[in-house]
Amino acid sequence: MFASIAPFGALAAVLMHRAQEEALDVDARDIVLACVVGLACLTVVTLLADTILDAIDVSGPSFQFAAGAALTPLAMRLIFAGDSTYLPERMPKLAWLVPLGVPLIAGPVAIIAAISYAARFGEGDTIGASAIAVSFTGALLLAAPLLQRFPLIYATTVARLSGALILVLAVELAYDGVRSV
Amino acid sequence: MFLSVAFWAILLAGLRITVAPPESCGANDEESIQRAAALAVTWMRTNQYADGTFVYLYYPDTDTAPADYNEVRHAGVTMALYQAAGRMQDGGALAAADLALEWMKKNTVYEGDWAALAPNGHYASLGASALMLVGLAERRLATSDPVNDDLMHGLASFIAAMQREDGGFRISYDFETDQPDIVNTSRYYPGESLWALALMQEAFPGEGWDKNARDALQFITTMRDEVENVEFPPLADQWAAYGIGEMVEWGLTDQQIDYARQLAARFGLLVRTEAQREGSWFGHRARGRYSRASGVGTWNEGLAALWRASQADPRLADIAEPTVERLRCVSGILADRQVSVTEAKAFPRPGLAAGAWFRNNETRMDDQQHAFSGLLYTLDAIRGNPTREPQLPGFPRPLN
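Residues numbered from 1 in each chain as written. Chains lettered and ligands numbered in written order. Predicted model: local features only at pLDDT ≥ 70, side-chain atom pairs only at ≥ 80, totals over all residues. Heavy atoms only, no water.

**Side note on the overall build of chain A**
At step 1: Looking only at helices and strands, one finds 10 helices and zero strands in chain A.
At step 2: Each of the three principal axes of chain A carries a C-alpha extent, and together these read 50 × 30 × 25 Å.
At step 3: Per-residue burial over chain A gives 49% buried out of 181 residues.
At step 4: Within chain A, residue pairs in contact and separated by at least 24 positions form 87% of the contacts whose partners lie at least 6 positions apart.
At step 5: Taken as a whole, chain A presents about 8,100 Å² of accessible surface, with 69% of it coming from carbon and sulfur.
At step 6: Between the mean site of the 9 positive side-chain charges and the mean site of the 14 negative ones, chain A shows a separation of 8 Å. (Helix = DSSP H or I, 4+ residues; strand = E, 2+ residues; numbered from the N terminus. Buried < 20%, exposed > 50% of the residue type's maximum accessible area, 1.4 Å probe, protein only. Contact = heavy atoms within 4.5 Å. Areas by Shrake-Rupley, 256 points an atom, 1.4 Å probe, with all protein chains shown as cover. Lys, Arg positive; Asp, Glu negative; His and termini not counted. Charge placed at Lys NZ, Arg CZ, Asp CG, Glu CD.)

Shown next as structure tokens:
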């Protein structure tokens, strides 16, 4: 879950946003609300994982294989762009909902991973892992004003490395999907 | 933002079509599976000739049943009928199997303490003798009748004599030249021999057949895929799975347990792929044509055997639940594809169609054999019955 939420990619996206001249600051309240929204989204899809898989008529291992493939674009974005998503210069009024809650925290990859991990490891473990990853991401984003003092390249480098890690995880996820009963 | 949403929509749609199309598992309730199994037995019972052989192939478009035959598949169908006799208390199946056994006995060559099935009088393939032995073991379990014990020992001695030092097997013996084939190998004969030897050990404990079976299992789990150049190991070998299901109570090594898990995963992947063929037109396009029942049935058999192993060894406990899920799925697919009695009326010869599975306008007798055995043992997994052997002290009962 940590890899699919990509905290350092999210941090890099926020730092890049803050570096823009016309950017309005994202305040701490937005970050906290975004984390709540993101975690709520991930919790809901985790709890509904079986229902979702039944609804789309896909078995857990087949979905897991697809999830591995779906992780790849995020990994590529992290590796080549150094962030996990693009944040617009002018944030909308409900920025804590879109784009911060979704898709920055709970992006398509995190949602797909949550469904996949719920089927593989169970709902409790997945929600627990999501909570830890979202909390860590929230802490990083709250620290953005401080981290902004450092060159952006530090954050983007860590994000690129996490992209490489996600690529490995994507392969593992797909491989495990094939090797599951 | 719009571009991002569009990108993900296209990506997910692409994954849906190519990687995870919908899966369909047909009518996979217990009643449908049981009905399909019974109808398959009816096909095997009724499409037998007076000499004990079966209709090997049938093409309804030309209404022809060619005279081709194969003794390995004959032994396999006989085995399935004995399974039906024991587990479904089907006296008609027992009679048909006994008639088929008579054909095999007439085509058995005896030399020293060996017995081997060799219809042409001199060339004995290992697989035919192994499945003949499995059939006899099933008969013994179903009837407690020891009349064929000497023949079982002869067949087992032949199989043991064909075993190499590495646990693998020579695949045939020519009684005219008194030489085994030392060049060719077979993908499935080792698994068939493994299961035959394991059943021999169960029937006659203390005679040492377990040594041969253990050597065979070691060969299969460590060397067979390499010897046979299997591109994507492990080979989906239901015979090996049967052997593991039988031997799990003897104690298996961690490596053998790991192999069993990989084998279950291979069957599971095949079942999921087949379910994707069923689930949508684009799944059918992406995954290609349906597999024939003799293939699908073997996945069913293999998974059921490994489910049984999961009940006996806690190291395999984690595969039990998904295995039952796949078994239900593949059995539902088979039940859906089987020609029903009503549908058979549209065929030139309804008796050759009812209970059969066709692909490309063809059914072969082992389509019914493998599908039946798989369906039968799926019912065990659904019902939570870990015992494969029949529990019928009063059998044989009067013929139906």
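From this point on, the discussion continues.
**A look at the overall build of chain B**
At step 1: Across its full length, chain B carries 16 helices and seven strands.
At step 2: Relative to a compact globule of 400 residues, whose C-alpha radius of gyration would be 21 Å, chain B shows 21 Å and is just as compact.
At step 3: Per-residue burial for chain B yields a buried fraction of 58% across its 400 residues.
At step 4: Summed over all atoms, the accessible surface of chain B reaches about 15,700 Å², with 53% contributed by carbon and sulfur.
At step 5: With 35 positive and 52 negative side-chain charges, chain B shows a separation of 7 Å between the mean positions of the two kinds. (Rg over C-alpha atoms; globule rule 2.2 N^0.38 Å.)

**A closer look at the packing of helix H10 (residues 254–279) of chain B against helix H13 (residues 320–337) of chain B**
All names here are of chain B.
At step 1: Between H10 and H13, whose axes approach to 10 Å, the crossing angle comes to 45°. Between H10 and H13, the crossing angle belongs to the class labelled oblique. Along this stretch, H10 crosses H13, giving a crossing that reads as left-handed. For the pair formed by H10 and H13, the contact residues are Gly-268, Val-271, Arg-272, Glu-274, Ala-275 and Glu-278 on the first element and Arg-326, Cys-329, Val-330, Ile-333 and Arg-337 on the second.
At step 2: When its residues are assigned to classes, the contact of H10 with H13 shows five nonpolar, one polar and five charged. (Axes fitted to C-alpha atoms, helices over the stretch in contact; angles between N-to-C directions. Parallel < 35°, antiparallel > 145°, perpendicular 65-115°, else oblique. Left-handed = near helix turned anticlockwise from the far one by under 90°. Nonpolar A, V, L, I, M, F, W, Y, C, P; charged D, E, K, R; others polar.)

**Quick notes on the interface of chain A and chain B**
At step 1: Across the contact, 21 residues belong to chain A and 25 residues belong to chain B.
At step 2: In total, about 1,800 Å² of surface goes out of reach between chain A and chain B, with carbon and sulfur atoms giving 66% of it.
At step 3: The largest contributions to the chain A side of the interface with chain B come from A:Asp57, A:Arg179 and A:Val181, which together make up 34% of the buried area.
At step 4: Joining chain A to chain B, the criterion identifies zero salt bridges.
At step 5: Tallying contributions element by element places helix H5 (residues 60–81) of chain A first for the side of chain A that touches chain B, with seven residues.
At step 6: Residues belonging to the side of chain A that touches chain B are distributed by class as follows: 15 nonpolar, four polar and two charged. (Buried area = accessible area lost by both parts, 1.4 Å probe. Salt bridge = Lys/Arg side-chain N within 4 Å of Asp/Glu carboxyl O.)

**Let's talk about a negative patch on the surface**
At step 1: Residues A:Asp50, A:Asp54, A:Asp57 and A:Glu123 make up a contiguous surface patch of negative charge.
At step 2: Exposure remark for A:Asp54: the relative accessible area of 58% places this residue in the exposed category. (Patch = residues over 30% accessible without salt bridge, like charges linked within 9 Å, V, L, I, M, F, W, Y side chains within 5 Å.)

**Notes on a nonpolar patch on the surface**
At step 1: On the surface, a cluster of nonpolar side chains totalling about 250 Å² of accessible area is made up of A:Val32, A:Val36 and A:Leu142.
At step 2: Mapping A:Val32 onto the fold places it in helix H3 (residues 28–47).

**Describing the state of the cysteines**
At step 1: Considering all chains together, one arrives at one disulfide over all chains under this definition.
At step 2: Between the sulfur atoms of B:Cys25 and its disulfide partner B:Cys329 the distance amounts to 2.0 Å. The S-S bond linking B:Cys25 to B:Cys329 shows a torsion near -80°; that makes this disulfide left-handed. A residue pair is termed long-range when its members are at least 10 positions apart, and B:Cys25 in the loop between helix H1 (2–18) and helix H2 (30–46) and B:Cys329 in helix H13 qualify at 304 residues.
At step 3: Among the residues examined, B:Cys329 registers a relative accessible area of 4% and is labelled buried.
At step 4: Not engaged in a disulfide, the cysteine A:Cys35 finds its nearest cysteine sulfur in A:Cys41; these two sulfurs lie 12 Å apart.
At step 5: On the basis of relative accessible area, A:Cys35 is assigned to the buried category, the value being 11%.
At step 6: Taking relative accessible area as the criterion, A:Cys41 reaches 27% and is therefore assigned partly exposed. (Disulfide = S-S within 2.5 Å.)

That's the geometry; what it means functionally is another story.
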